Amino acid sequence: MSKVVDGLYYAKSHEWLKVEGNVGIVGISDYAQAQLGSIVFVDLPEAGAKVTMEAEFGAVESVKAASDLLSPISGNVIATNQAVIDNPELINQDAFGSWLIKIEIANPSEVDQLLSAKDYRFISK
Amino acid sequence: MDTILKTCLYDRHVLLNAKMEPFAGYWMPISYTGIIEEHQAVRNHSGMFDVSHMGEIRVTGKDAIPFIEYVTTNEIQSKPFGKVIYGLILYDNGTCVDDLLVYKVADDELFLCVNASNVAKDYTWIVEHTEGFDVLVKNESDKWSEIAVQGPETEKIVMELMHLDLTDLTFYTFKYVVWDGHLLLISRTGYTGEDGFEIYGDCVAIPLIWDLFQLSGKVLPCGLGCRDTLRFEASLPLYGHEISDQILPIEAGLGSFVKFEKRDFIGKNALLMQKAAGLVHKLIGIELTERAIPRQGYEVFSGDLMIGHITTGYLSISTDKCIANALIDTKYAVLGEPIFVQIRKKMVPGIIRNRQYYKKNYKQ
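Only a predicted model underlies this, so the values are computations on that prediction, with no experimental measurement involved.

Criteria and thresholds
Residues numbered from 1 in each chain as written. Chains lettered and ligands numbered in written order. Predicted model: local features only at pLDDT ≥ 70, side-chain atom pairs only at ≥ 80, totals over all residues. Heavy atoms only, no water. Helix = DSSP H or I, 4+ residues; strand = E, 2+ residues; numbered from the N terminus. Buried < 20%, exposed > 50% of the residue type's maximum accessible area, 1.4 Å probe, protein only. Polar contact = N/O pair within 3.5 Å; in protein donor to acceptor, adjacent residues only side chain to side chain. Contact = heavy atoms within 4.5 Å. Phe/Tyr/Trp six-rings, centres within 6.5 Å; stacked < 30°, edge-to-face > 60°. Lys NZ or Arg CZ within 6 Å of the ring centre and 35° of its normal. Pairing = 2+ DSSP bridges. Domains from an automatic or database assignment. Buried area = accessible area lost by both parts, 1.4 Å probe. Salt bridge = Lys/Arg side-chain N within 4 Å of Asp/Glu carboxyl O.

**Some points on the side chain of Asn81 of chain A**
Residue and element names in this part refer to chain A.
Link 1 in the chain: Examined against the element boundaries, Asn81 turns out to sit in the loop between β8 (75-80) and α2 (82-86).
Link 2 in the chain: According to the relative accessible area criterion, Asn81 is buried, its value standing at 10%.
Link 3 in the chain: For Asn81, the side chain forms a polar contact with the main-chain nitrogen of Ala83, separated by 3.1 Å.
Link 4 in the chain: If sequence neighbours within four positions are ignored, Asn81 has contacts with Ser98, Trp99 and Leu100.

**Thoughts on the packing of aromatic side chains**
Link 1 in the chain: This structure, assessed with the given rule, holds 20 aromatic pairs over all chains.
Link 2 in the chain: Pairwise contacts between aromatic rings join Tyr103, Phe111, Trp144, Phe174, Tyr176 and Tyr200 of chain B into one cluster.
Link 3 in the chain: Residue placement shows Lys102 of chain A over the ring face of Trp99 of chain A; its charged tip is 4.7 Å from the ring centre.
Link 4 in the chain: Positioned above the aromatic ring of Tyr358 of chain B, the side-chain terminus of Arg43 of chain B is 3.7 Å from the ring centre.

**Some words on the sheet that holds strand β3 (residues 23-28) of chain A**
Residues and elements named next belong to chain A.
Link 1 in the chain: Pairing is antiparallel in the open sheet, where 6 strands are placed in the order β1-β2-β3-β9-β8-β5. Among the strands making up the open sheet, the edge pair consists of β1 (9-10) and β5 (50-51).
Link 2 in the chain: By the bridge criterion, 2 bridges tie β5 to β8 in an arrangement that is antiparallel. Each bridged residue has a counterpart across the sheet, and for Val51 the counterpart in β8 is Gly75.

**With respect to the domain arrangement of chain B**
Residues and elements named next belong to chain B.
Link 1 in the chain: Domain annotation for chain B reports domain 1 (5-52 + 144-233), domain 2 (53-124 + 248-277) and domain 3 (280-364).
Link 2 in the chain: Measuring from the centre of the C-alpha atoms in domain 1 to the corresponding centre in domain 3 gives 30 Å.
Link 3 in the chain: In this complex, domain 1 contributes 18 residues to the contact, which on the side of domain 3 involves 18 residues.
Link 4 in the chain: Of the roughly 1600 Å² buried at the junction of domain 1 and domain 3 (both faces included), carbon and sulfur atoms supply 57%.
Link 5 in the chain: Applying the counting rule to domain 1 against domain 3 returns 1 salt bridge.
Link 6 in the chain: Among the ionic pairs, Lys363 bridges to Glu155, the shortest N-O distance being 2.9 Å.
Link 7 in the chain: If you look at where domain 1 meets domain 3, you find 13 residue pairs in polar contact (both at pLDDT 80 or more).

See the structure below:
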């Protein structure tokens with residue numbers, strides 16, 4: 001049974017979003033990391049890149065496969081997590097503690113289209 | 001949809017909580033404890049694989065050797081009994097039906113091990129070409145289960161646990177043994193670049209041997225996931241990647257297993273003509289100079305020009321390098337030349353290199 005954290009928003013494609021003011025913090029769920037297995041590489045955009053809700057912004061890769069990352073929200077990337085780029089296995093150890101990118105949110109109302117923790121529990125069983 | 005079959009070790013895989021996936025018509029374990037840990041176990045200690053899905057075909061009769069020399073590329077006649085010979089089955093146009101191991105049992109008996117996904121195709125192809133040869137071809141795939149035990153500590157562990165002397169088995173040789181009342185065929189072969197054995201037996205013996213190894217705690221169960229990372233690092237080809245019905249063996253760097261000087265074989269004329277005309281493609285190695293993972297199907301560029309595609313690529317577990325095999329236009333196949341691999345939207349730089357990513361560790 002994978003862990004789901006209350007108070008976050010979730011995309012059907014298994015990314016989580018934490019909203020702090022106008023900043024969105026994005027990672028992948030515990031369910032997603034478990035499905036992927038050992039993560040060996042993370043491909044992230046650089047600060048300044050533009051991301052769009054439900055569009056690919058990078059990838060997390062296990063030994064065997066690359067899995068696209070889809071942005072849960074639109075905006076501009078303001079930071080990427082170098083610790084995770086350097087040690088991708090951190091995501092396997094703590095998916096919710098290992099954020100990938102921070103986004104300056106362009107359209108706050110987009111969060112209404114995301115799942116709550118309660119709803120996400122149903123699809124990540 | 002056809003039923004997906006189970007090997008005789010299926011229940012053990014499930015009990016070990018393996019990640020199972022359908023492969024070549026069988027439920028096969030992809031990994032148990034994790035691909036990286038399993039890969040390292042084979043490189044440094046010992047690991048075992050259920051490879052019962054592989055196909056076994058027995059060819060008997062007076063013309064067994066001339067016939068198999070006709071339908072495969074390597075030379076068998078001069079080899080001693082007990083030798084295992086790697087070769088390829090070709091179409092008339094020189095592309096690959098499959099690759100295989102030929103076990104030379106006797107003048108009138110050869111045992112073939114072929115890829116699981118190709119058994120039906122291979123068997124049909126071989127039988128279709130028996131005209132004029134005094135041979136009997138039997139598909140024995142249902143009769144044989146198989147485990148591969150691989151890694152530097154394997155010889156010692158297997159001999160101790162099975163109470164067998166295998167020191168006389170040199171690289172690419174085999175023998176039959178009777179073990180606990182069961183007939184086994186054991187060869188010093190493998191698909192990892194490490195020393196080890198492949199053990200063929202019936203569906204009673206193989207689970208017994210698996211349990212013996214597993215309960216000893218000395219041999220780690222390993223899945224198809226690391227089988228691929230290991231064989232790739234050791235530059236061993238995989239059907240559907242480095243060889244296929246689109247690729248000539250001489251383009252894939254397998255020319256040493258194609259013996260033009262022996263008697264006629266299927267595909268020979270096509271290969272000679274292609275050789276004379278100049279080969280269009282060449283299998284090369286690529287090492288990326290930035291961190292990214294090149295995967296099968298990704299396109300390779302020289303400047304703006306697409307020159308080929310990746311056949312297998314990984315962030316190599318043993319070398320921590322981002323490396324790949326690629327089939328590219330021969331004109332651009334120059335060691336050290338810069339290339340790019342398109343990975344998602346990025347053009348990632350790399351150079352052309354040899355395919356010896358990992359030094360094979362065979363016992364000669």
